[in-house]
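Structural description and commentary
Next come the chains, spelled out residue by residue.
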Amino acid sequence: MKLSAFRKKSPWILHYNAGGCNGCDIEILACLAPKYDIERFGMINTGNPKQSDILLVTGPVTKRSRERLVEIYSQMPEPKVVVCCGVCACSGGVFRDMYNCEGGVDQFIPVDVYVCGCGARPEQIIDGVVEALSILEKKTKAMEETVQLKNQPVNEGTQLNRRNTAAAIIQPQ
Amino acid sequence: MGKQYEIPLGAQHISLLEPLHFKFTTENERIVDTQANLFYVHRGIEAACCSKFKFRQVSFVVGRVCGLCSISHSTAYSQVAEKLVKIEIPRRAKYLRMLVIEMDRIHSHLLCLSHVAENSGYEALFMKTMQYREFVMELLEAVCGNRIQYDFSIVGGVTRDLKPMVAEIILKRLKIFLPQLDELMDIYKNNWTLSLKNKNAGAITRADAMRLNVVGPFARAAGLAVDVRNETEDLLPWKEVGFEMITETGGDAYARNILRLRELYISKRIIENIIHGLPESPLVTETKAFPDGEAVARIEAPRGELFYYAKGNKTQVLERLKIKAPTFSNVAAMVEALNGNEYGSAPAIIASFDPCLSCTAR
(Lines give C-alpha, C1' and ligand atoms only; values in the text may rest on other atoms or scores of the structure.)
Protein backbone atom coordinates (compact mmCIF):
# COMPACT_ATOMS: atom_id res chain seq x y z
CA MET A 1 0.00 0.00 0.00
CA LYS A 2 1.06 3.52 -0.68
CA LEU A 3 1.68 6.13 1.98
CA SER A 4 -0.77 8.50 0.34
CA ALA A 5 -3.65 6.09 0.94
CA PHE A 6 -3.14 6.37 4.68
CA ARG A 7 -2.46 10.09 4.81
CA LYS A 8 -6.15 10.95 4.84
CA LYS A 9 -6.90 8.41 7.55
CA SER A 10 -4.17 9.56 9.90
CA PRO A 11 -2.82 13.07 9.38
CA TRP A 12 -0.27 14.23 11.92
CA ILE A 13 -0.51 17.66 13.42
CA LEU A 14 2.28 20.06 14.25
CA HIS A 15 1.39 22.86 16.60
CA TYR A 16 3.35 26.10 16.82
CA ASN A 17 2.61 29.16 18.92
CA ALA A 18 3.87 32.18 17.00
CA GLY A 19 3.31 34.64 19.83
CA GLY A 20 -0.28 34.10 20.91
CA CYS A 21 -1.80 34.34 24.37
CA ASN A 22 -2.02 30.53 25.04
CA GLY A 23 -5.79 30.69 24.83
CA CYS A 24 -6.08 28.85 21.52
CA ASP A 25 -3.25 26.53 22.56
CA ILE A 26 -5.16 25.23 25.56
CA GLU A 27 -8.20 24.78 23.35
CA ILE A 28 -6.07 22.66 21.02
CA LEU A 29 -5.03 20.69 24.11
CA ALA A 30 -8.72 20.35 25.02
CA CYS A 31 -9.32 18.97 21.50
CA LEU A 32 -6.86 16.17 22.25
CA ALA A 33 -8.64 15.40 25.52
CA PRO A 34 -11.50 12.90 25.83
CA LYS A 35 -14.45 15.30 25.47
CA TYR A 36 -13.65 16.51 21.97
CA ASP A 37 -11.22 13.70 21.10
CA ILE A 38 -9.60 14.77 17.86
CA GLU A 39 -7.92 11.36 17.68
CA ARG A 40 -11.10 9.85 16.24
CA PHE A 41 -9.99 11.42 12.94
CA GLY A 42 -6.66 9.64 13.37
CA MET A 43 -4.91 12.88 14.24
CA ILE A 44 -2.07 12.96 16.69
CA ASN A 45 0.03 15.83 17.93
CA THR A 46 3.64 15.40 16.93
CA GLY A 47 6.63 17.53 17.71
CA ASN A 48 8.58 16.80 14.58
CA PRO A 49 7.97 18.96 11.50
CA LYS A 50 9.48 16.28 9.24
CA GLN A 51 6.71 13.81 10.05
CA SER A 52 3.68 16.07 10.05
CA ASP A 53 1.01 16.94 7.49
CA ILE A 54 -1.00 19.74 9.09
CA LEU A 55 0.54 22.84 10.67
CA LEU A 56 -1.66 24.47 13.31
CA VAL A 57 -0.47 28.02 13.96
CA THR A 58 -1.74 30.29 16.71
CA GLY A 59 -0.89 33.86 17.51
CA PRO A 60 0.05 37.01 15.61
CA VAL A 61 3.53 36.44 14.25
CA THR A 62 6.03 38.28 16.44
CA LYS A 63 9.26 39.46 14.90
CA ARG A 64 11.26 36.88 16.77
CA SER A 65 9.10 33.83 16.07
CA ARG A 66 8.77 34.70 12.37
CA GLU A 67 11.99 32.95 11.34
CA ARG A 68 11.09 29.83 13.35
CA LEU A 69 7.66 29.68 11.70
CA VAL A 70 9.09 29.83 8.17
CA GLU A 71 11.80 27.32 9.11
CA ILE A 72 9.25 24.85 10.50
CA TYR A 73 7.04 25.28 7.43
CA SER A 74 9.91 24.66 5.04
CA GLN A 75 10.94 21.51 6.92
CA MET A 76 7.53 19.89 6.48
CA PRO A 77 7.26 17.45 3.54
CA GLU A 78 4.74 17.96 0.73
CA PRO A 79 1.75 17.79 0.69
CA LYS A 80 1.13 20.08 3.65
CA VAL A 81 -1.77 22.18 4.90
CA VAL A 82 -1.60 25.25 7.14
CA VAL A 83 -4.47 26.02 9.52
CA CYS A 84 -4.58 29.43 11.24
CA CYS A 85 -6.13 29.11 14.65
CA GLY A 86 -7.71 32.16 16.25
CA VAL A 87 -8.32 35.65 14.98
CA CYS A 88 -4.83 36.93 15.77
CA ALA A 89 -3.28 34.26 13.54
CA CYS A 90 -5.74 35.18 10.76
CA SER A 91 -5.28 38.93 10.77
CA GLY A 92 -3.48 40.11 13.90
CA GLY A 93 -6.64 40.67 15.92
CA VAL A 94 -6.20 42.91 18.93
CA PHE A 95 -2.42 42.80 18.49
CA ARG A 96 -2.52 44.26 15.00
CA ASP A 97 -0.12 47.22 14.56
CA MET A 98 1.64 46.66 17.86
CA TYR A 99 5.31 47.41 17.38
CA ASN A 100 6.63 43.85 17.61
CA CYS A 101 3.80 42.11 15.75
CA GLU A 102 3.67 41.38 12.04
CA GLY A 103 -0.07 40.69 12.03
CA GLY A 104 -1.23 37.45 10.46
CA VAL A 105 0.42 34.23 9.40
CA ASP A 106 -0.51 34.58 5.73
CA GLN A 107 2.10 37.28 5.15
CA PHE A 108 4.87 34.70 5.45
CA ILE A 109 3.51 31.27 4.57
CA PRO A 110 0.52 30.21 2.42
CA VAL A 111 -2.54 29.52 4.57
CA ASP A 112 -5.31 27.09 3.57
CA VAL A 113 -7.84 27.29 6.40
CA TYR A 114 -8.74 30.26 8.61
CA VAL A 115 -10.35 29.45 11.97
CA CYS A 116 -11.58 32.66 13.58
CA GLY A 117 -12.70 33.45 17.13
CA CYS A 118 -11.03 34.73 20.27
CA GLY A 119 -10.43 32.16 21.54
CA ALA A 120 -11.33 29.64 18.89
CA ARG A 121 -13.74 27.08 20.34
CA PRO A 122 -12.77 23.39 20.14
CA GLU A 123 -15.72 22.75 17.81
CA GLN A 124 -14.39 25.40 15.43
CA ILE A 125 -10.88 23.97 15.57
CA ILE A 126 -12.17 20.48 14.78
CA ASP A 127 -14.23 21.92 11.92
CA GLY A 128 -11.18 23.69 10.54
CA VAL A 129 -8.95 20.65 10.78
CA VAL A 130 -11.53 18.44 9.05
CA GLU A 131 -11.71 21.06 6.31
CA ALA A 132 -7.92 20.81 6.11
CA LEU A 133 -8.27 17.07 5.56
CA SER A 134 -10.19 17.53 2.31
CA ILE A 135 -7.61 20.07 1.14
CA LEU A 136 -4.87 17.61 2.01
CA GLU A 137 -6.59 14.99 -0.14
CA LYS A 138 -6.85 17.40 -3.07
CA LYS A 139 -3.18 18.29 -2.77
CA THR A 140 -2.24 14.61 -2.62
CA LYS A 141 -4.21 13.94 -5.84
CA ALA A 142 -2.60 16.87 -7.61
CA MET A 143 0.84 15.57 -6.68
CA GLU A 144 0.03 12.07 -7.90
CA GLU A 145 -1.14 13.40 -11.28
CA THR A 146 2.16 15.18 -11.90
CA VAL A 147 4.03 12.00 -10.98
CA GLN A 148 1.94 10.01 -13.49
CA LEU A 149 2.73 12.46 -16.31
CA LYS A 150 6.43 12.08 -15.68
CA ASN A 151 6.28 8.29 -15.75
CA GLN A 152 4.52 7.97 -19.14
CA PRO A 153 6.65 6.12 -21.71
CA VAL A 154 8.28 8.18 -24.46
CA ASN A 155 6.54 7.78 -27.82
CA GLU A 156 9.23 7.05 -30.44
CA GLY A 157 7.33 8.66 -33.33
CA THR A 158 6.94 12.08 -31.76
CA GLN A 159 10.29 12.37 -30.04
CA LEU A 160 13.47 13.39 -31.74
CA ASN A 161 16.02 10.63 -31.71
CA ARG A 162 18.93 12.43 -30.13
CA ARG A 163 21.40 9.62 -30.64
CA ASN A 164 20.87 9.61 -34.42
CA THR A 165 21.12 13.39 -34.53
CA ALA A 166 24.35 13.30 -32.60
CA ALA A 167 25.71 10.55 -34.85
CA ALA A 168 24.83 12.59 -37.94
CA ILE A 169 26.77 15.54 -36.62
CA ILE A 170 29.80 13.45 -35.74
CA GLN A 171 29.77 11.40 -39.01
CA PRO A 172 31.21 13.94 -41.53
CA GLN A 173 34.48 14.38 -39.65
CA MET B 1 35.00 14.63 34.66
CA GLY B 2 33.17 13.45 31.58
CA LYS B 3 32.69 15.17 28.28
CA GLN B 4 30.19 17.98 28.23
CA TYR B 5 27.46 18.26 25.61
CA GLU B 6 25.13 21.13 24.89
CA ILE B 7 21.53 20.13 24.24
CA PRO B 8 18.93 22.65 23.10
CA LEU B 9 15.25 22.36 24.01
CA GLY B 10 12.86 24.56 22.05
CA ALA B 11 11.87 27.00 20.61
CA GLN B 12 9.42 24.52 19.09
CA HIS B 13 9.16 21.28 21.06
CA ILE B 14 6.51 18.64 21.60
CA SER B 15 6.46 19.18 25.36
CA LEU B 16 6.13 22.96 25.18
CA LEU B 17 2.89 24.80 24.66
CA GLU B 18 4.64 28.05 23.83
CA PRO B 19 7.99 29.04 22.41
CA LEU B 20 10.81 29.11 24.92
CA HIS B 21 14.36 27.99 24.52
CA PHE B 22 16.56 26.24 27.08
CA LYS B 23 20.17 25.43 26.44
CA PHE B 24 21.35 22.65 28.73
CA THR B 25 25.00 21.80 29.27
CA THR B 26 24.97 18.14 30.22
CA GLU B 27 27.57 15.78 31.59
CA ASN B 28 26.72 12.06 31.69
CA GLU B 29 23.07 12.94 30.99
CA ARG B 30 23.04 15.21 34.03
CA ILE B 31 22.38 18.92 33.62
CA VAL B 32 25.23 21.03 34.95
CA ASP B 33 24.29 24.39 33.48
CA THR B 34 21.13 25.93 32.05
CA GLN B 35 20.51 29.00 29.98
CA ALA B 36 16.96 30.21 29.49
CA ASN B 37 15.86 32.29 26.54
CA LEU B 38 12.27 33.28 26.96
CA PHE B 39 11.19 36.35 25.09
CA TYR B 40 9.88 34.91 21.83
CA VAL B 41 6.35 36.20 22.30
CA HIS B 42 7.00 39.85 23.05
CA ARG B 43 4.19 41.78 21.36
CA GLY B 44 4.45 45.25 22.85
CA ILE B 45 1.20 45.33 24.76
CA GLU B 46 2.37 47.86 27.36
CA ALA B 47 3.31 50.40 24.68
CA ALA B 48 0.02 49.88 22.87
CA CYS B 49 -1.96 50.32 26.11
CA CYS B 50 -0.29 53.71 26.64
CA SER B 51 -0.84 54.98 23.12
CA LYS B 52 -3.46 53.18 21.09
CA PHE B 53 -6.25 52.29 23.51
CA LYS B 54 -8.35 54.39 25.88
CA PHE B 55 -8.16 53.42 29.53
CA ARG B 56 -11.58 51.75 29.50
CA GLN B 57 -10.57 49.56 26.54
CA VAL B 58 -7.31 48.47 28.16
CA SER B 59 -9.02 45.94 30.46
CA PHE B 60 -10.00 44.00 27.33
CA VAL B 61 -6.51 44.25 25.85
CA VAL B 62 -4.64 43.11 28.98
CA GLY B 63 -6.97 40.11 29.15
CA ARG B 64 -5.23 39.02 25.95
CA VAL B 65 -1.82 39.08 27.65
CA CYS B 66 -2.43 35.53 28.76
CA GLY B 67 -5.18 33.08 27.89
CA LEU B 68 -4.73 30.98 31.02
CA CYS B 69 -5.18 33.71 33.62
CA SER B 70 -6.96 36.41 31.61
CA ILE B 71 -9.34 37.14 34.50
CA SER B 72 -6.41 37.86 36.84
CA HIS B 73 -4.96 40.35 34.36
CA SER B 74 -8.22 42.15 33.64
CA THR B 75 -9.12 42.24 37.36
CA ALA B 76 -5.70 43.58 38.37
CA TYR B 77 -5.92 46.27 35.70
CA SER B 78 -9.48 47.15 36.70
CA GLN B 79 -8.37 47.58 40.32
CA VAL B 80 -5.51 49.85 39.29
CA ALA B 81 -7.78 51.94 37.09
CA GLU B 82 -10.41 52.17 39.83
CA LYS B 83 -7.75 53.55 42.16
CA LEU B 84 -6.80 56.12 39.52
CA VAL B 85 -10.37 57.33 38.96
CA LYS B 86 -11.04 56.98 42.72
CA ILE B 87 -14.15 54.84 42.86
CA GLU B 88 -15.20 51.96 45.08
CA ILE B 89 -16.80 49.04 43.27
CA PRO B 90 -20.03 47.38 44.51
CA ARG B 91 -19.74 44.46 46.88
CA ARG B 92 -21.44 41.99 44.56
CA ALA B 93 -18.91 42.79 41.82
CA LYS B 94 -16.06 41.97 44.22
CA TYR B 95 -17.60 38.61 45.05
CA LEU B 96 -18.24 37.79 41.39
CA ARG B 97 -14.63 38.65 40.54
CA MET B 98 -13.40 36.29 43.24
CA LEU B 99 -15.76 33.58 41.96
CA VAL B 100 -14.34 33.71 38.43
CA ILE B 101 -10.73 33.98 39.68
CA GLU B 102 -11.14 30.80 41.71
CA MET B 103 -12.84 28.94 38.85
CA ASP B 104 -9.99 30.05 36.62
CA ARG B 105 -7.55 28.72 39.22
CA ILE B 106 -9.20 25.28 39.10
CA HIS B 107 -8.85 25.09 35.32
CA SER B 108 -5.29 26.40 35.33
CA HIS B 109 -4.05 24.05 38.06
CA LEU B 110 -5.68 21.01 36.45
CA LEU B 111 -4.15 21.96 33.10
CA CYS B 112 -0.72 22.20 34.70
CA LEU B 113 -1.15 18.83 36.44
CA SER B 114 -2.22 17.13 33.22
CA HIS B 115 0.75 18.68 31.44
CA VAL B 116 3.13 17.33 34.10
CA ALA B 117 1.59 13.88 33.69
CA GLU B 118 1.95 14.03 29.89
CA ASN B 119 5.56 15.15 30.04
CA SER B 120 6.34 12.44 32.57
CA GLY B 121 5.16 9.95 29.96
CA TYR B 122 1.86 9.10 31.65
CA GLU B 123 -0.56 9.69 28.79
CA ALA B 124 -3.56 8.05 30.48
CA LEU B 125 -3.38 10.39 33.46
CA PHE B 126 -3.16 13.36 31.08
CA MET B 127 -6.41 12.22 29.49
CA LYS B 128 -8.07 11.66 32.86
CA THR B 129 -7.11 15.06 34.26
CA MET B 130 -8.20 16.84 31.09
CA GLN B 131 -11.50 14.99 31.21
CA TYR B 132 -12.13 16.11 34.80
CA ARG B 133 -11.08 19.67 33.90
CA GLU B 134 -13.73 20.05 31.23
CA PHE B 135 -16.56 20.72 33.71
CA VAL B 136 -15.01 23.98 34.88
CA MET B 137 -14.65 25.23 31.30
CA GLU B 138 -18.38 24.62 30.80
CA LEU B 139 -19.15 26.45 34.04
CA LEU B 140 -16.96 29.39 33.02
CA GLU B 141 -18.85 29.52 29.75
CA ALA B 142 -22.12 29.56 31.67
CA VAL B 143 -20.95 32.38 33.93
CA CYS B 144 -18.95 34.58 31.53
CA GLY B 145 -20.11 33.56 28.05
CA ASN B 146 -16.77 32.27 26.77
CA ARG B 147 -14.55 29.31 27.53
CA ILE B 148 -11.37 31.40 27.60
CA GLN B 149 -10.90 35.19 27.38
CA TYR B 150 -13.81 36.02 29.65
CA ASP B 151 -13.80 39.88 29.47
CA PHE B 152 -15.56 39.72 32.84
CA SER B 153 -13.92 42.53 34.81
CA ILE B 154 -14.24 46.06 33.51
CA VAL B 155 -13.30 49.38 35.08
CA GLY B 156 -15.96 49.91 37.74
CA GLY B 157 -17.32 46.40 38.15
CA VAL B 158 -18.21 43.28 36.20
CA THR B 159 -20.06 42.75 32.94
CA ARG B 160 -22.43 39.94 33.80
CA ASP B 161 -24.54 38.87 36.73
CA LEU B 162 -24.63 35.35 38.14
CA LYS B 163 -28.02 33.86 37.36
CA PRO B 164 -29.59 31.72 40.12
CA MET B 165 -29.90 28.79 37.71
CA VAL B 166 -26.18 28.94 36.89
CA ALA B 167 -25.30 29.13 40.60
CA GLU B 168 -27.29 25.96 41.16
CA ILE B 169 -25.48 24.19 38.31
CA ILE B 170 -22.10 25.23 39.74
CA LEU B 171 -22.92 23.76 43.16
CA LYS B 172 -24.19 20.56 41.55
CA ARG B 173 -21.11 20.11 39.37
CA LEU B 174 -18.73 20.86 42.25
CA LYS B 175 -20.39 18.03 44.19
CA ILE B 176 -19.63 15.68 41.26
CA PHE B 177 -16.09 17.05 41.08
CA LEU B 178 -15.17 16.28 44.71
CA PRO B 179 -14.79 12.47 44.37
CA GLN B 180 -12.90 13.02 41.09
CA LEU B 181 -10.49 15.33 42.92
CA ASP B 182 -10.00 12.68 45.62
CA GLU B 183 -9.22 10.16 42.88
CA LEU B 184 -6.66 12.48 41.27
CA MET B 185 -5.11 13.16 44.69
CA ASP B 186 -4.73 9.42 45.23
CA ILE B 187 -3.07 8.90 41.84
CA TYR B 188 -0.68 11.86 42.06
CA LYS B 189 0.25 10.98 45.63
CA ASN B 190 0.68 7.23 45.47
CA ASN B 191 1.40 6.26 41.86
CA TRP B 192 4.82 4.67 41.70
CA THR B 193 5.44 5.29 37.98
CA LEU B 194 4.76 8.98 38.30
CA SER B 195 6.93 9.27 41.40
CA LEU B 196 9.96 8.07 39.41
CA LYS B 197 9.87 11.23 37.31
CA ASN B 198 8.52 13.63 39.93
CA LYS B 199 10.02 12.82 43.31
CA ASN B 200 13.24 14.73 43.97
CA ALA B 201 13.05 16.23 40.48
CA GLY B 202 13.55 19.95 40.09
CA ALA B 203 13.93 20.47 43.83
CA ILE B 204 14.66 23.85 45.36
CA THR B 205 15.35 24.50 49.03
CA ARG B 206 13.44 26.97 51.19
CA ALA B 207 16.50 29.21 51.59
CA ASP B 208 17.09 29.33 47.82
CA ALA B 209 13.42 30.05 47.19
CA MET B 210 13.58 32.97 49.60
CA ARG B 211 16.85 34.27 48.12
CA LEU B 212 15.55 34.14 44.53
CA ASN B 213 12.18 35.78 45.29
CA VAL B 214 10.02 32.89 44.17
CA VAL B 215 6.24 33.40 44.10
CA GLY B 216 3.14 31.29 43.72
CA PRO B 217 2.81 27.50 43.99
CA PHE B 218 6.52 27.20 43.28
CA ALA B 219 7.32 29.03 46.53
CA ARG B 220 4.56 27.46 48.59
CA ALA B 221 5.73 23.97 47.60
CA ALA B 222 9.16 24.87 48.99
CA GLY B 223 7.65 25.82 52.34
CA LEU B 224 7.51 29.58 51.81
CA ALA B 225 4.18 31.07 52.87
CA VAL B 226 3.75 33.58 50.04
CA ASP B 227 0.23 34.38 48.90
CA VAL B 228 -1.24 37.74 48.00
CA ARG B 229 -4.65 36.54 49.09
CA ASN B 230 -3.24 36.31 52.60
CA GLU B 231 -1.74 39.81 52.53
CA THR B 232 -4.29 42.14 50.93
CA GLU B 233 -7.77 42.68 52.29
CA ASP B 234 -8.71 46.07 50.88
CA LEU B 235 -9.57 45.15 47.29
CA LEU B 236 -10.93 41.63 47.48
CA PRO B 237 -12.09 40.17 50.83
CA TRP B 238 -10.42 36.77 50.57
CA LYS B 239 -10.51 35.82 54.25
CA GLU B 240 -14.26 36.47 54.41
CA VAL B 241 -14.86 33.69 51.91
CA GLY B 242 -12.68 31.09 53.59
CA PHE B 243 -9.18 31.42 52.22
CA GLU B 244 -6.56 29.28 53.90
CA MET B 245 -2.80 29.26 53.30
CA ILE B 246 -1.36 25.94 52.17
CA THR B 247 2.32 25.06 52.14
CA GLU B 248 4.24 21.89 51.37
CA THR B 249 7.78 20.95 52.22
CA GLY B 250 10.10 19.37 49.71
CA GLY B 251 10.05 21.85 46.86
CA ASP B 252 10.25 19.18 44.14
CA ALA B 253 7.83 18.48 41.28
CA TYR B 254 5.95 15.98 43.46
CA ALA B 255 5.36 18.59 46.18
CA ARG B 256 4.15 21.08 43.57
CA ASN B 257 1.62 18.54 42.25
CA ILE B 258 0.26 17.84 45.73
CA LEU B 259 0.16 21.54 46.56
CA ARG B 260 -1.86 22.35 43.45
CA LEU B 261 -4.33 19.57 44.22
CA ARG B 262 -4.72 20.73 47.84
CA GLU B 263 -5.34 24.28 46.65
CA LEU B 264 -8.21 23.00 44.54
CA TYR B 265 -10.05 21.93 47.71
CA ILE B 266 -9.68 25.49 49.02
CA SER B 267 -10.86 26.94 45.69
CA LYS B 268 -13.89 24.67 45.77
CA ARG B 269 -14.70 25.84 49.30
CA ILE B 270 -14.31 29.50 48.33
CA ILE B 271 -16.64 29.11 45.34
CA GLU B 272 -19.31 27.44 47.48
CA ASN B 273 -19.03 30.14 50.16
CA ILE B 274 -19.31 32.91 47.56
CA ILE B 275 -22.43 31.42 46.00
CA HIS B 276 -24.09 30.87 49.38
CA GLY B 277 -23.33 34.37 50.61
CA LEU B 278 -23.58 36.50 47.46
CA PRO B 279 -24.58 40.05 48.53
CA GLU B 280 -27.23 42.02 46.62
CA SER B 281 -26.03 45.25 45.00
CA PRO B 282 -25.64 46.78 41.52
CA LEU B 283 -22.86 45.42 39.30
CA VAL B 284 -21.08 48.55 38.10
CA THR B 285 -20.16 51.91 39.65
CA GLU B 286 -20.52 54.58 36.98
CA THR B 287 -18.06 57.46 36.82
CA LYS B 288 -16.97 60.04 34.30
CA ALA B 289 -13.62 60.84 35.93
CA PHE B 290 -10.34 60.50 34.06
CA PRO B 291 -7.38 58.63 35.55
CA ASP B 292 -5.01 60.78 37.55
CA GLY B 293 -1.95 60.02 39.66
CA GLU B 294 -0.17 56.71 40.27
CA ALA B 295 -1.41 53.40 41.66
CA VAL B 296 -0.37 49.78 42.09
CA ALA B 297 -2.42 46.64 42.52
CA ARG B 298 -1.45 43.10 43.37
CA ILE B 299 -3.45 39.94 42.83
CA GLU B 300 -2.79 36.24 43.23
CA ALA B 301 -2.92 34.72 39.75
CA PRO B 302 -2.80 30.90 39.46
CA ARG B 303 0.99 31.16 39.05
CA GLY B 304 1.70 33.68 41.78
CA GLU B 305 1.79 37.37 42.44
CA LEU B 306 0.69 39.59 39.56
CA PHE B 307 1.66 43.23 39.88
CA TYR B 308 0.20 46.21 38.00
CA TYR B 309 1.40 49.78 38.05
CA ALA B 310 -0.37 52.58 36.19
CA LYS B 311 0.05 56.32 35.87
CA GLY B 312 -2.56 58.68 34.49
CA ASN B 313 -2.47 62.32 33.42
CA LYS B 314 -6.16 63.34 33.32
CA THR B 315 -6.59 62.21 29.71
CA GLN B 316 -8.31 59.18 28.17
CA VAL B 317 -4.97 57.48 27.50
CA LEU B 318 -2.72 56.25 30.30
CA GLU B 319 0.77 57.62 30.60
CA ARG B 320 2.37 54.37 31.74
CA LEU B 321 1.26 50.80 32.39
CA LYS B 322 3.65 48.27 33.89
CA ILE B 323 2.91 44.57 34.23
CA LYS B 324 5.06 42.22 36.29
CA ALA B 325 3.95 38.66 35.68
CA PRO B 326 4.50 35.80 38.17
CA THR B 327 6.68 33.72 35.84
CA PHE B 328 9.09 36.62 35.46
CA SER B 329 9.90 36.36 39.18
CA ASN B 330 10.38 32.62 38.93
CA VAL B 331 12.80 32.43 35.98
CA ALA B 332 15.95 32.69 38.10
CA ALA B 333 14.78 29.89 40.36
CA MET B 334 13.69 27.76 37.38
CA VAL B 335 17.21 27.81 35.99
CA GLU B 336 18.61 26.98 39.43
CA ALA B 337 16.17 24.11 40.02
CA LEU B 338 16.92 22.46 36.67
CA ASN B 339 20.63 22.08 37.44
CA GLY B 340 21.67 18.69 38.80
CA ASN B 341 18.73 16.79 37.33
CA GLU B 342 18.77 14.21 34.55
CA TYR B 343 18.14 15.59 31.07
CA GLY B 344 15.36 13.05 30.51
CA SER B 345 13.20 14.53 33.24
CA ALA B 346 13.67 18.13 32.09
CA PRO B 347 10.31 18.40 30.21
CA ALA B 348 8.39 17.19 33.27
CA ILE B 349 10.23 19.65 35.51
CA ILE B 350 9.58 22.55 33.13
CA ALA B 351 5.89 21.65 33.04
CA SER B 352 5.77 21.50 36.84
CA PHE B 353 7.03 25.10 37.04
CA ASP B 354 3.90 25.98 35.06
CA PRO B 355 5.68 28.73 33.11
CA CYS B 356 3.55 31.26 31.28
CA LEU B 357 5.73 32.97 28.73
CA SER B 358 3.06 35.11 27.13
CA CYS B 359 2.60 36.76 30.55
CA THR B 360 6.32 37.17 30.97
CA ALA B 361 7.15 38.57 27.56
CA ARG B 362 3.85 40.39 26.88
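The structure reproduced in this document is the subject of the present report. (Residues numbered from 1 in each chain as written. Chains lettered and ligands numbered in written order. Predicted model: local features only at pLDDT ≥ 70, side-chain atom pairs only at ≥ 80, totals over all residues. Heavy atoms only, no water.)

**Topic: the environment of Ala81(B)**
Residue and element names in this part refer to chain B. With respect to the secondary-structure elements, Ala81 resides in helix 3 (residues 70-85). Judged by relative accessible area, which is 1%, Ala81 ranks as buried. Here the alpha-carbon distance between Ala81 and Leu306, two residues 225 residues apart in the chain, equals 15 Å. (Helix = DSSP H or I, 4+ residues; strand = E, 2+ residues; numbered from the N terminus. Buried < 20%, exposed > 50% of the residue type's maximum accessible area, 1.4 Å probe, protein only.)

**Re helix 13 (residues 346-353) of chain B**
With eight of eight residues buried, helix 13 of chain B lies mostly within the body of the structure. One or two positions beyond helix 13 of chain B, positive phi appears at Asp354(B), with a value near 55 degrees.

**Re the interface of chain A and chain B**
Taken together, the contact pairs 43 residues of chain A with 41 residues of chain B. Carbon and sulfur atoms supply 61% of the area buried between chain A and chain B, which totals about 3500 Å² over both sides. Looking only at chain A, the three residues that lose the most surface to chain B are Ile26(A), Leu29(A) and Arg64(A), adding up to 17% of its buried area. Linking chain A with chain B are three salt bridges. Salt-bridge contacts for Glu27(A) lead to Arg147(B); the nearest nitrogen and oxygen are separated by 2.9 Å. Remark: the boundary between chain A and chain B carries 12 residue pairs in polar contact (both at pLDDT 80 or more). Residue assignment for the side of chain A that touches chain B shows that the elements contributing at least two residues are strand 1 (12-17), helix 2 (23-32), strand 2 (44-46) and helix 3 (66-75) of chain A. Here the side of chain A that touches chain B gets eight residues from one element, more than from any other, and that element is helix 2 of chain A. Looking at the side of chain A that touches chain B residue by residue, the classes come out as 21 nonpolar, 13 polar and nine charged. (Contact = heavy atoms within 4.5 Å. Buried area = accessible area lost by both parts, 1.4 Å probe. Salt bridge = Lys/Arg side-chain N within 4 Å of Asp/Glu carboxyl O. Polar contact = N/O pair within 3.5 Å; in protein donor to acceptor, adjacent residues only side chain to side chain. Nonpolar A, V, L, I, M, F, W, Y, C, P; charged D, E, K, R; others polar.)

**Some thoughts on the sheet that holds strand 8 (residues 320-324) of chain B**
Residues and elements named next belong to chain B. The antiparallel open sheet is built from three strands, whose spatial order is 6-7-8. Looking at strand neighbours, the two that pair on one side only are strand 6 (292-301) and strand 8, the edges of this open sheet. Across the sheet, the mean angle separating the axes of adjacent strands is 10 degrees when strand polarity is ignored. Two elements, strand 7 (residues 304-313) and strand 8, share five bridges in a ladder whose sense is antiparallel. Paired with Tyr309 across the bridge in strand 8 is Lys322. (Pairing = 2+ DSSP bridges. Axes fitted to C-alpha atoms, helices over the stretch in contact; angles between N-to-C directions.)

**Overview of the packing of aromatic side chains**
Residue and element names in this part refer to chain B. Under the defined criterion, the tally for this structure stands at four aromatic pairs over all chains. On the basis of an interplanar angle of 70 degrees and a centroid distance of 5.7 Å, the ring pair of Phe24 and Tyr343 is categorised as edge-to-face. Here Phe24, found in strand 2 (residues 21-27), pairs with Tyr343, found in the loop between helix 12 (326-338) and helix 13; they are 319 residues apart in sequence, far enough to count as distant. Residue classification places Tyr343 among the partly exposed residues on the basis of a relative accessible area of 22%. One aromatic cluster in this structure is built from Phe22, Phe24 and Tyr343. Across the ring face of Tyr254, the terminal group of Lys199 is positioned such that the distance to the ring centre comes to 4.8 Å. Here the guanidinium or amino end of Arg229 rests over the ring plane of Trp238, the centre of that ring lying 5.8 Å away. (Phe/Tyr/Trp six-rings, centres within 6.5 Å; stacked < 30°, edge-to-face > 60°. Lys NZ or Arg CZ within 6 Å of the ring centre and 35° of its normal.)

**A closer look at the pattern of salt bridges**
This structure, assessed with the given rule, holds 33 salt bridges over all chains. Between Glu141(B) and Arg121(A) there is a salt bridge, and its shortest N-O distance comes to 2.8 Å. With Glu141(B) in helix 5 (residues 123-144) and Arg121(A) in the loop between strand 5 (113-115) and helix 5 (122-151), the pair connects residues from two separate chains. For Glu141(B), a relative accessible area of 25% puts it in the partly exposed group. Between Arg269(B) and Glu244(B) there is a salt bridge; the shortest N-O distance is 3.3 Å. Within this pair, whereas Arg269(B) is found in helix 11 (residues 253-276), its partner Glu244(B) is found in the loop between helix 10 (228-231) and helix 11, the two being separated by 25 residues in sequence. We classify Glu244(B) as partly exposed; its relative accessible area is 41%. Counted as one network, the salt bridges with shared partners bring together Glu102(B), Arg105(B), Arg220(B), Asp227(B), Arg229(B), Glu263(B) and Glu300(B).

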